[in-house]
Amino acid sequence: MIIPGRWQAFIAAIALTLLAPHMPPGMAGFFLILTSAFICVRMNDLALPVALFILGVLSFFGFVPAFVLCATVLIVATRELIFFYSGGRPVEYALALIGGLLVTALVIFYMTAGTWLSAVVGVTVAILLYAILQKKSYAITGELIGVALAMLLLENLEFQADLPLVATAAFISFGFAYFAYRLKTADIAGLFSAALVGILLIVFAGISWFMIMLAFFILGAAATRYQMEYKKSLHVEQESGGVRGYVNVFANGLVSVVAAVCFGVSHHPVFIAVYLGSVATAASDTVAGEIGVCSGRPYLITTLKPVDEGTNGGVSLTGEIAGLFAAAFIGACAVLLGVADIPVFIACVAGGFIGANIDSLIGEILENKKVIGNAGTNFLATLGGGVVTALLWVVLIPAF
């Protein structure tokens, strides 16, 4: 009887994990290099052997520790096995998550190495990358390299997060993400990307920071559904009926996550301002766009000439007021949750409002000329809003 290829990969991953602690340094990587050469000879597809070769070389020279190497290979092998036998049903994602967490936990206990945070993030990233890249020829390469880099980054941070905290963060984040998926405000990739963002926010900065981000998502979802039929008549509604994917999550949340991680590592209050400014910018821009498009013909931000509804760079008085309200809403949530004081609140409201207008400006100058896409515009705007908020906070501190 010939063992199917996915079972062979799974068994090889287990064997590597069992042998790695007893091998000289770098030998686990050498084993993977030999495996990649064997697969290359047997297969026409180079995606898998190339990924294994890269990981093997990095491990052989000491850049990737044995724990990260073994966990990465075992996570992806487990995911491949589960997806193959699940028949393409949505439940496969939940099974892959559970299976990945179980095998990674076993690796941690057996090798007495690694952190729970990197394990949970590694499994989440694996499934997220599969959801994004599954139809690409290089999907398995991107998945293996992406999981290894994500785990390596967290291992190198040496951030102390115990199992109860990580488990709580994962439970809360996946719970809310699944709720968003069931309400059709996020797709599968959006579910896992939102969960990843939530886990990092809770672990590095606390539940209050997560609640602020959640307030933005709720406010944004409500604004997106505002007068949806009218928006459809103008053909300016959000793509896919407002369902958020991974691009939207990361474009609006990447700056916030980086700020939260930096705060968790350094505890410097400037990162509170950056975080709130980026979230307030995303909220202000979303609400201003969704409400403003229903208030009549907007004006181009650079020339103040009338333009069609939905034009990048178009602003309206109603939209600007709505955007200011959204920024104030995020700032108020931060104050109520004990994250912000009065100087940070004022800076957040002003920075978020300015950031939303930076979005309109970039939309006209760069996005309309096809230099960058909407995701790039959102990322630069949230970065700008975060930086502006931090600068305003520094200026305001002496006054209080």
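The name an unreviewed UniProt entry gives the protein is TIGR00297 family protein, with Methanospirillum lacunae as the organism. UniProt, in the comment section headed Subcellular location (unreviewed entry), describes the protein in these words: "Membrane".

Engineer: An account of unusual backbone geometry is requested, with residue identities and associated values reported.
Structural biologist: Its identity is not glycine, yet Thr112 carries a phi of approximately 45 degrees, on the positive side. The phi dihedral of Glu158 falls on the positive side, at around 55 degrees, and the residue is not glycine.

Engineer: Lay out the packing of helix H13 (residues 270–292) against helix H15 (residues 342–367) with the relevant residues and their values.
Structural biologist: Direction vectors running N to C along H13 and H15 enclose 45 degrees, while the axes themselves pass 7 Å from each other. By the angle between their directions, the pair H13 and H15 is classed as oblique. Crossing handedness for the pair H13 and H15: right-handed. Contacts between H13 and H15 involve Ile272, Leu276, Gly277, Ala280, Thr281, Ser284 and Asp285 from the first element and Val344, Cys348, Gly351, Gly352, Phe353, Gly355, Ala356 and Asp359 from the second. By residue class, the composition of the contact of H13 with H15 is seven nonpolar, six polar and two charged.

Engineer: Can you explain the state of the cysteines? Please cite residues and give values.
Structural biologist: Scanning the model with the defined rule gives zero disulfides in all. Here Cys348 stays unpaired: no disulfide links it, and the sulfur of Cys333, its closest cysteine neighbor, is 9.6 Å away. Since its relative accessible area comes to 0%, Cys348 is described here as buried.

So, how was this worked out
Residues numbered from 1 in each chain as written. Predicted model: local features only at pLDDT ≥ 70, side-chain atom pairs only at ≥ 80, totals over all residues. Heavy atoms only, no water. UniProt positions renumbered as here; feature names shortened; annotations may be inferred. Axes fitted to C-alpha atoms, helices over the stretch in contact; angles between N-to-C directions. Helix = DSSP H or I, 4+ residues; strand = E, 2+ residues; numbered from the N terminus. Parallel < 35°, antiparallel > 145°, perpendicular 65-115°, else oblique. Left-handed = near helix turned anticlockwise from the far one by under 90°. Contact = heavy atoms within 4.5 Å. Nonpolar A, V, L, I, M, F, W, Y, C, P; charged D, E, K, R; others polar. Disulfide = S-S within 2.5 Å. Buried < 20%, exposed > 50% of the residue type's maximum accessible area, 1.4 Å probe, protein only.

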